[in-house]
Amino acid sequence: MQKYKIVLLSGDGIGPEISEISKKILKKISKKHNFEIEIIEKLFGGIAYEKYRNPAPEETIDQCKKSDAVLLACVGDPKYDSLERELRPESGLLKLRSSLNLFANIRPVKIRKSLVDSSTLKKEIVENVDLIVVRELISGIYFGKPRGNITNTKIPKAFNTMVYDSSEIERITEIAIKIANQRNKRICSVDKSNVLEVSQLWRDTVLKVTSKDKNICLSNMYVDNAAMQLIKDPVQFDVILTSNLFGDILSDLAAMLTGSIGMLPSASLNNNGPGVFEPVHGSAPDIAGKNIANPIAMLLSASMMLKIGLNENEAAKSLENAVDRVLSKGFRTADLNDGSSEVLSCSEIGNKILDEI
Ligand code: IPM
Ligand code: MN
């Protein structure tokens with residue numbers, strides 16, 4: 001029997017609640033589809049800082065490197081905002097991404113049929129939304145050097161550097177091409193090349209790489225316009241290819257097309273080695289511990305893990321179908337409440353999904 005070793009990082013805030021149900025579901029699904037899944041739980045984020053004064057302990061990173069895949073819930077809490085930057089949970093996340101060389105962040109934005117009325121946008125605008133944001137994840141302004149504060153000036157100054165070399169743009173473009181070829185073959189590269197040199201290099205490199213594949217239809221868009229177009233006519237997009245910061249912002253924006261950010265999964269990948277699968281939403285400290293969080297983004301991330309990370313396509317599909325069946329029966333968590341459906345707690349909706357497997 002095929003045996004997989006996955007690391008589960010439940011992190012902070014609502015993380016433990018949405019992880020609990022994910023564990024149960026992964027156990028059941030593996031039994032049903034005849035494979036074994038060993039779940040190794042490790043401390044990561046604020047909770048790891050509490051114990052080790054390090055949000056991304058070496059031991060956690062090492063276990064992740066040795067695994068078949070990593071399932072991560074979320075990290076962060078405002079109580080850590082006053083810590084030195086490298087001790088904050090978010091820095092732990094960035095360290096995990098760079099240590100595993102996860103340069104490609106894949107964020108599918110697909111509206112589920114039963115949720116077309118849950119979006120804040122009109123049904124006609126969102127009903128056929130099916131796009132993927134391909135975000136560069138370990139370079140750009142998030143990691144660029146130099147960075148820091150200048151304190152010996154009259155007034156405080158701080159700065160960051162948005163930098164890419166062409167090889168970093170080439171490899172993420174290759175990933176976007178691969179994904180586009182499995183879909184409608186359209187890539188929209190998003191940049192700010194009317195103002196930024198780094199974006200001009202981005203645009204030129206994307207054009208060079210994509211022109212080698214005659215099947216791909218490339219368009220370019222400035223990021224401000226892309227934000228507008230995502231609200232105005234999101235159906236025009238197939239694959240959005242963009243840099244780290246722009247991808248961060250546009251993927252939250254795109255998430256709302258699907259009704260709630262509580263619906264959006266993601267995969268962070270390398271060309272080889274384990275990927276990290278995590279919901280796009282954060283740790284939601286305001287609702288943590290109340291058992292009202294939406295576990296679906298986490299479960300859809302687990303489904304991406306089964307499919308991309310473990311190659312268990314059938315199991316991935318059956319988890320996704322279970323989620324859809326529960327939604328189409330009218331069950332919702334509070335974030336998706338449209339006033340006419342039955343609102344369940346995190347564990348209740350989790351158990352409904354479990355029952356569908
Ligand atoms: C995300 C998050 C992270 C990011 C934060 C928590 C560091 O917002 O995964 O989108 O900015 O990449
Ligand atoms: Mn984000």
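Structure's up top.
Residues numbered from 1 in each chain as written. Chains lettered and ligands numbered in written order. Predicted model: local features only at pLDDT ≥ 70, side-chain atom pairs only at ≥ 80, totals over all residues. Heavy atoms only, no water.

Caption draft 1: Molecular detail of the packing of aromatic side chains. Enumeration according to the criterion identifies three aromatic pairs in this entry. Seen from their ring centres, Tyr49 and Tyr80 are 5.9 Å apart, and the 75° between their planes marks the pair as edge-to-face. Here Tyr49 is found in helix α2 (residues 46-52), whereas its partner Tyr80 is found in the loop between β3 (69-72) and α4 (89-99), with 31 residues between them in sequence. The class for Tyr49 is buried, based on a relative accessible area of 12%. Taking relative accessible area as the criterion, Tyr80 reaches 6% and is therefore assigned buried. Looking at Arg135, its charged tip hangs above the ring of Tyr142, at a distance of 5.3 Å from the centre. (Phe/Tyr/Trp six-rings, centres within 6.5 Å; stacked < 30°, edge-to-face > 60°. Helix = DSSP H or I, 4+ residues; strand = E, 2+ residues; numbered from the N terminus. Buried < 20%, exposed > 50% of the residue type's maximum accessible area, 1.4 Å probe, protein only. Lys NZ or Arg CZ within 6 Å of the ring centre and 35° of its normal.)

Caption draft 2: Spotlight on the pairing of strand β2 (residues 36-41). Where strand β1 (residues 3-9) meets β2, six bridges bridge the pair, whose relative direction is parallel. If you follow Lys5 over to β2, its bridge partner there is Glu38. Handedness of the β-α-β unit built from β1, helix α1 (residues 15-32) and β2 comes out right-handed. (Pairing = 2+ DSSP bridges. Right-handed = clockwise from strand over helix to strand, strands pointing away.)

Caption draft 3: Main features of α1. Relative to the 26 Å expected for 18 residues at 1.5 Å per residue, α1 spans 26 Å between its end C-alpha atoms, a close match to the ideal helical length. All of the buried residues in α1 are Gly15, Glu17, Ile18, Ser19, Ile21, Ser22, Lys23, Ile25, Leu26, Ile29 and Ser30. Where α1 is buried, its residues contact β1, β2, β3, α10 (296-309), α11 (313-328) and α12 (346-355). (Expected span 1.5 Å × (residues − 1). Contact = heavy atoms within 4.5 Å.)

Caption draft 4: α10, seen in detail. The end-to-end C-alpha distance of α10 is 18 Å, a good match for the 20 Å that 14 residues give at a rise of 1.5 Å each. Buried residues dominate α10, accounting for 11 of its 14 residues. Considered for burial, the residues of α10 that qualify are Ile296, Ala297, Met298, Leu299, Leu300, Ser301, Ala302, Ser303, Met304, Met305 and Leu306. Where α10 ends, the next residue or the one after it, Asn311, has phi of about 60°, a positive value.

So yeah, pure geometry; function would need other evidence.
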